[in-house]
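Take a look at the letters that make up each chain.
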Amino acid sequence: MRVLVTGAAGFIGYALAQQLLARGDVVIGVDNLNDYYQVSLKRDRLAALSAAGGNRFTFHALDFSDMTALNAALESQQIDRIAHLGAQAGVRYSIENPQAYVSSNLAGHVNLLELARHRAVEHMVYASSSSVYGGNTKLPFAVEDRTDHPVSLYAATKRADELMSETYAHLFRLPLTGLRFFTVYGPWGRPDMMLWNFTRRILAGEPIPVFNNGDMYRDFTYIDDIVAGVVACLDNPPADDETEKAGGSIKPHALYNIGNSQCEPLMKVIGLLEQACGKEAVMEMLPMQPGDVYKTYADISAIQRDLGYAPTTSIDVGVPAFVEWYRAYHAA
């Protein structure tokens, strides 16, 4: 297959592109290489993709919220399927810089829908987020649950992407699958995320900020398990047969949770980090941050039923694996 991967220099986009190249696909990468976190990490990921893919990997440095630039770059390239993983990420940053989310997550998503529509793409898989569940107290979160009370702008943009996709599936019969990711971590991760931030601080002897005084729970999902779910979805477009799909649509549009389906206490993860780093953490206990949620926990029964998805990596294995990669990457 010839697969367009947006956010190819990002954490999940890079890992997906590696997997697609490993199985022989052609990958066309798009990323604007913004400085939300260090660009050097993104360039290192791209270098690894070029080494792995050779002439089966091409890359375009562009902002997909610019439709003219997107069309011009891809005009001569055949695209069979799209993995739209590029977005402005981060719950807390959306409070400080809302316009970045409007541009990338709203305008950018419409551009990819339009591209898929006009190029008659076989299937577009796109990244949503567990953040769409907002402050829901029913656990675990299921794709049938209400998602109309987001607690951050980031979450609101991801829910809007799902609604726009439903419209395109209805109007143009475009096969679409939205994936609600749950706290992704692992090698080549993002420096703004907890695991990277805490590892860096523990190794440096700096205090780590522990929100809600440590009383928080997350469904931590290892990157290999995330990619396995994305590939399974990419290979299986929802049928245009008027049957109800995961998430409730009768159009060719499915919604799935991809998580580890384990609700882990934050303090347990900090303990695993301490063991892997060989150092005790200095903890700064803080109140809950605006936009954060108390617990996330994925009901993955829909993707298990439809695609046989089964995560395999526990935090007891994944957290030390991340720390080992981090120390090697930074020679720490």
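Refer to the preceding data block for the structure.
What you see is a predicted model, and the numbers here were worked out from it, not measured in a lab.

Cut-off values and rules
- Residues numbered from 1 in each chain as written.
- Predicted model: local features only at pLDDT ≥ 70, side-chain atom pairs only at ≥ 80, totals over all residues.
- Heavy atoms only, no water.
- Helix = DSSP H or I, 4+ residues; strand = E, 2+ residues; numbered from the N terminus.
- Rg over C-alpha atoms; globule rule 2.2 N^0.38 Å.
- Buried < 20%, exposed > 50% of the residue type's maximum accessible area, 1.4 Å probe, protein only.
- Contact = heavy atoms within 4.5 Å.
- Areas by Shrake-Rupley, 256 points an atom, 1.4 Å probe, with all protein chains shown as cover.
- Axes fitted to C-alpha atoms, helices over the stretch in contact; angles between N-to-C directions.
- Parallel < 35°, antiparallel > 145°, perpendicular 65-115°, else oblique.
- Left-handed = near helix turned anticlockwise from the far one by under 90°.
- Nonpolar A, V, L, I, M, F, W, Y, C, P; charged D, E, K, R; others polar.
- Expected span 1.5 Å × (residues − 1).
- Core = buried A, V, L, I, M, F, W, Y, C linked by side-chain atoms within 4.5 Å.
- Pairing = 2+ DSSP bridges.
- Phe/Tyr/Trp six-rings, centres within 6.5 Å; stacked < 30°, edge-to-face > 60°.

**Side note on the overall build of the protein chain**
Of regular secondary structure, the protein chain possesses 11 helices and 13 strands. Radius of gyration (C-alpha) of the protein chain: 19 Å, near the 20 Å computed for a compact globule of 332 residues. Expressed along its principal axes, the backbone C-alpha trace of the protein chain runs to roughly 55 × 45 × 40 Å. By residue count, 53% of the 332 residues in the protein chain fall in the buried class. Contacts spanning at least 24 positions in sequence make up 82% of the contacts within the protein chain whose residues lie at least 6 apart. Carbon and sulfur atoms make up 51% of the accessible area of the protein chain, which totals about 13300 Å².

**So, the environment of L163**
Among the structural elements, L163 can be located in helix 6 (residues 153–172). Separated by 45 residues in sequence, L163 and H118 have C-alpha atoms that sit 19 Å apart.

**Some words on unusual backbone geometry**
Here the amide bond leading from L139 into P140 is cis, since omega sits at -5°, within 30 degrees of zero. Tracing the sequence through the fold places P140 in the loop between strand 5 (123–129) and helix 6. The backbone phi angle of R173 is positive, close to 55°, even though this residue is not glycine. Mapped onto the secondary structure, R173 falls in the loop between helix 6 and strand 6 (176–181). For T183, which is not glycine, the phi torsion reads 30° and is therefore positive. With respect to the helices and strands, T183 occurs in the loop between strand 6 and strand 7 (184–185).

**Some details on the packing of helix 7 (residues 194–204) against helix 9 (residues 266–277)**
Where helix 7 meets helix 9, the closest approach of the two axes is 10 Å, and the angle between their N-to-C directions is 45°. Taken together, the axes of helix 7 and helix 9 are oblique relative to one another. The two elements helix 7 and helix 9 cross, and the hand of that crossing is right-handed. Contacts between helix 7 and helix 9 involve M194, L195, F198, T199, I202 and L203 on the former and, on the latter, L266, V269, I270, L273 and C277. When grouped by side-chain class, the residues that make up the contact of helix 7 with helix 9 number 10 nonpolar, one polar and no charged.

**A word on helix 8 (residues 223–234)**
Look at helix 8: 16 Å from first C-alpha to last across 12 residues, which is about the 16 Å you get at 1.5 Å a residue. Within helix 8, 10 of the 12 residues are buried, leaving the element largely enclosed by the surrounding structure. Looking only at helix 8, the buried set comprises I223, D225, I226, V227, G229, V230, V231, A232, C233 and L234.

**Comments concerning the nonpolar core**
Counting 72 residues, the largest nonpolar core has L16, F181 and I223 as its most contacted members. Counting residues per element, this core draws most heavily on helix 1 (residues 11–22), which supplies eight residues. Among all residues touching I223, those that are not within four sequence positions of it are F11, I12, A15, V184, Y185, G186 and P187. Membership of the second largest hydrophobic core comes to 21 residues, among which are L115, A116, M124 and L176.

**Observations regarding the sheet that holds strand 5**
Strand order across the open sheet formed by seven strands is 3-2-1-4-5-6-11, with parallel pairing between neighbours. Where the open sheet ends on each side, the last strands, each with one partner, are strand 3 (57–61) and strand 11 (253–258). Sheet twist, expressed as the mean angle between neighbouring strand axes with direction ignored, is 20°. In this sheet, strand 6 lies alongside strand 5 in parallel orientation, the contact comprising six bridges. Its bridge partner lying in strand 6, S128 is registered against R180. Across the sheet, helix 1 lies against strand 1 (2–6), strand 2 (26–31), strand 3, strand 4 (81–84) and strand 6, angled at about 165° from strand 1, the strand it touches most.

**Focus on the packing of helix 7 against helix 11 (residues 315–330)**
Following both chains from N to C, one finds helix 7 and helix 11 inclined at 60°, their axes separated by 11 Å at the closest point. Note that helix 7 runs across helix 11; the crossing there is right-handed. For the pair helix 7 and helix 11, contact is made by L195, W196, T199, R200 and L203 and by V319, F322, V323, W325, Y326, R327 and H330, respectively. Residue composition of the contact of helix 7 with helix 11, by class: eight nonpolar, two polar and two charged.

**Considerations on the packing of aromatic side chains**
For any pair of aromatic rings, the description rests on two quantities: the centre-to-centre distance and the angle between the ring planes. Applying the stated criterion across every chain, the model contains 20 aromatic pairs. A ring pair is formed by Y185 and Y222, whose centres lie 5.5 Å apart and whose planes are at 65°; its orientation type is edge-to-face. Taken together, the positions of Y185 in strand 7 and Y222 in strand 10 (residues 221–222) put the pair 37 residues apart, joining distant regions of the chain. Consider the rings of W188 and W325, whose centres lie 5.4 Å apart with planes at 50°: the pair is tilted. In this pair, W188 is assigned in the loop between strand 7 and helix 7 and W325 in helix 11, connecting sequence segments 137 residues apart.

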